[in-house]
Amino acid sequence: MAPPPQKKLLTRQSLQAAGVILLLVLFTLHQLASQSASRLSTSSYNGLIFTGLSITSISGNSESDLLANSLLTLPNGLGRCERSFPETKIGFNLEKSYVLPPMTTKVIDTHLEFLSSIGLDKNKLTDSLGHDRNEFGLLQQIVLQKCQTAIETWGTCTTGETGFATGTSAVAILQTHGMAVEAANCGMVSSTHYAIDPLQQVYYNNAGARGVANYFHNSGASMNFYLVNETAALSLASFTKSRSCFDVILLDDGHKFEENIMEITLAITLVPIGGVIVMHDTWMASIKATKTWIAQNLGNSIQIVEQKFARNMMVLVKIAPDDRAWDHFVPFSTEFRDGN
């Protein structure tokens, strides 16, 4: 039996009102989520830019908008940097002793003094001092040579590091960016360094970020610096999706074996032919196992540069695209004796 017309009308109006209320609720939640995502994705701190991974919602987009944001429209489906350095070799003898220029030594010492002045925990400061001057020397040689060539070739240099911590390696790299720009003598160029560390605020109370801000304040440097507040794997994957290119990448965060494999695999896609990846803490068994895996499985595209200058660092140069078969695998040993 059909309800009376008045009740039918009332029911219809109630449903319409409920629908409007539901739409308003959903719209409000969407706005709040968008505002929250905006606050999380980008915030400023003393002139530095903290950036997280941005996730674009595809709901409600037109088909053309969806395709515009799709991997289908990117240059290729391999997710890798498509450029090459003119020369794939490092370009200098890493066996040779290298003395840090007085300015770089001063920058590092000033940074460490600043960290101490703001009350950084002594154990964390000791971690920062764990990088000896030979390691900074090796890193500076590589960044200087590669950045100068990149600026002369493409007008830009981009470097990255995972494991920002106290920011000591970052200020050393930023100082070297300035040296490379001056050496290239190409006028106005773009020079950028990305540091990836999700624990900067939680574990270091932004000490590293404050130290880098202090470096910019004292030096008047004009290069770009971004602190990425996300895990290394997700950050590097995001850069890979956008087909970014990094001329030099330093890997120095978590060193579990699976983390090493993920980061190395992604970093290889991000550096051009001739680009360099440096991995710290080679005394660890997980890094030794990673080196063996690289030697046995990636020898066609990655050259391990043997050097004794900074024994706690592994230097990798991308010498060719990775053209292995989809099912390629060579077994590798993970058994090591002390000192090997």
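Residues numbered from 1 in each chain as written. Predicted model: local features only at pLDDT ≥ 70, side-chain atom pairs only at ≥ 80, totals over all residues. Heavy atoms only, no water.

**Student:** How would you sum up the overall build of the protein chain? Please name residues and give values.
**Tutor:** Helices and strands together make up the secondary structure of the protein chain, namely eleven helices and nine strands. Per-residue burial over the protein chain gives 44% buried out of 340 residues. (Helix = DSSP H or I, 4+ residues; strand = E, 2+ residues; numbered from the N terminus. Buried < 20%, exposed > 50% of the residue type's maximum accessible area, 1.4 Å probe, protein only.)

**Student:** Could you give an account of the pattern of salt bridges, with specific residues and numbers?
**Tutor:** Counted under the stated rule, the structure contains five salt bridges. In this structure, Glu306 engages Lys291 in a salt bridge whose closest nitrogen and oxygen atoms are separated by 3.6 Å. Of this pair, Glu306 sits in the loop between β8 (302-305) and β9 (313-318) while Lys291 sits in helix α11 (residues 285-297), and the two are 15 residues apart along the sequence. Relative accessible area serves as the criterion here: at 55%, Glu306 is assigned to the exposed category. By relative accessible area, which is 32% here, Lys291 ends up partly exposed. A salt bridge links Arg324 to Asp322; the shortest N-O distance between them is 2.9 Å. (Salt bridge = Lys/Arg side-chain N within 4 Å of Asp/Glu carboxyl O.)

**Student:** Describe a nonpolar patch on the surface, and please don't skip the residues or the numbers.
**Tutor:** Side chains of Leu199, Val202 and Tyr203 sit close together on the surface and give an oily, nonpolar patch of about 340 Å² of accessible area. Here Leu199 shows up in the loop between β4 (190-196) and α7 (200-204). (Patch = residues over 30% accessible without salt bridge, like charges linked within 9 Å, V, L, I, M, F, W, Y side chains within 5 Å. Areas by Shrake-Rupley, 256 points an atom, 1.4 Å probe, with all protein chains shown as cover.)

**Student:** I'd like a description of the environment of Val330, backed by residues and values.
**Tutor:** By the element assignment, Val330 lies in the segment after β9. In sequence terms Val330 and Asn297 are 33 residues apart; their C-alpha atoms lie 5.8 Å from each other. Setting aside residues up to four positions removed in sequence, Val330 forms contacts with Gln296 and Asn297. (Contact = heavy atoms within 4.5 Å.)

**Student:** So what's going on with the packing of helix α3 (residues 102-117) against helix α8 (residues 207-219)? Residues and values would help.
**Tutor:** Contact geometry of α3 with α8 gives a least axis separation of 10 Å together with a crossing angle of 130°. Here α8 runs oblique to α3, going by the angle between their axes. The crossing of α3 and α8 is right-handed. When α3 is examined against α8, the residues Val107, Thr110, His111, Phe114 and Leu115 are found in contact with a partner set consisting of Ala207, Gly208, Arg210, Gly211, Val212, Asn214, Tyr215 and Asn218. (Axes fitted to C-alpha atoms, helices over the stretch in contact; angles between N-to-C directions. Parallel < 35°, antiparallel > 145°, perpendicular 65-115°, else oblique. Left-handed = near helix turned anticlockwise from the far one by under 90°.)

**Student:** An account of the environment of Asn185 is needed here, citing residue identities and associated values.
**Tutor:** The topology assignment puts Asn185 in the loop between α6 (168-184) and β4. Relative accessible area serves as the criterion here: at 66%, Asn185 is assigned to the exposed category. Remark: the alpha-carbon pair of Asn185 and Gln148, spanning 37 residues in sequence, is separated by 9.0 Å.

**Student:** With reference to specific residues and values, describe helix α10 (residues 257-270).
**Tutor:** Between the first and last C-alpha of α10 there are 20 Å, a value that for 14 residues agrees with the 20 Å anticipated at 1.5 Å per step. Most of α10 is tucked away, with ten of its 14 residues classed as buried. Those residues of α10 not exposed but buried are Glu259, Asn260, Ile261, Glu263, Ile264, Leu266, Ala267, Ile268, Thr269 and Leu270. (Expected span 1.5 Å × (residues − 1).)

**Student:** Could you give an account of the nonpolar core, naming the residues involved and the relevant values?
**Tutor:** Looking at soluble globular proteins, one finds that nonpolar side chains tend to be buried together. Core analysis: the biggest nonpolar cluster contains 25 residues, and Ile264, Ile277, Ile294 and Leu316 have the highest contact counts within it. For this core, the elements supplying multiple residues, two or more each, are β4, α9 (232-241), β6 (248-251), α10, β7 (276-280), α11, β8 and β9. Residue contacts for Ile264: discarding those within four places in its chain leaves Leu251, Ile277, Met279, Thr290, Trp293, Ile294 and Leu316. By size, the runner-up hydrophobic cluster in this structure holds 24 residues, among which are Phe85, Leu144, Ile151 and Met313. (Core = buried A, V, L, I, M, F, W, Y, C linked by side-chain atoms within 4.5 Å.)

**Student:** Mind laying out the packing of aromatic side chains, listing which residues take part and the relevant values?
**Tutor:** Here the structure, examined in full by the defined rule, presents ten aromatic pairs. For the ring pair Phe239 and Phe246, a centre distance of 5.0 Å and an interplane angle of 75° mean the geometry is edge-to-face. Residue Phe239 shares its accessibility class with Phe246, and that shared class is buried. The residue whose ring lies beneath Arg83 is Trp154, and the NZ or CZ to ring-centre distance is 4.0 Å. It is Lys146 that lies over the ring of Phe85; its NZ or CZ is 4.4 Å from the centre. (Phe/Tyr/Trp six-rings, centres within 6.5 Å; stacked < 30°, edge-to-face > 60°. Lys NZ or Arg CZ within 6 Å of the ring centre and 35° of its normal.)

**Student:** So what's going on with unusual backbone geometry? Residues and values would help.
**Tutor:** The phi angle at Ala165 is positive, at roughly 50°, despite the residue not being glycine. Position of Ala165 among the secondary structure elements: in the loop between β3 (156-162) and α6. Residue Ala165 is classed as buried on the basis of its relative accessible area, which comes to 19%. Here Asn206, not a glycine, exhibits a phi torsion of approximately 60°, which is positive.

**Student:** Account for the confidence of the model for the protein chain, naming residues and giving values.
**Tutor:** Chain-level pLDDT for the protein chain is 78 on average; 70% of the residues reach the 70-or-more range. Within the protein chain, the lowest mean pLDDT, 37, falls on strand β1 (residues 42-45), and the highest, 97, falls on β6. In the predicted structure, residues 29-77 sits below a pLDDT of 50 and forms 48 contacts with residues beyond four places in sequence or in another chain. (pLDDT = per-residue confidence, 0-100.)

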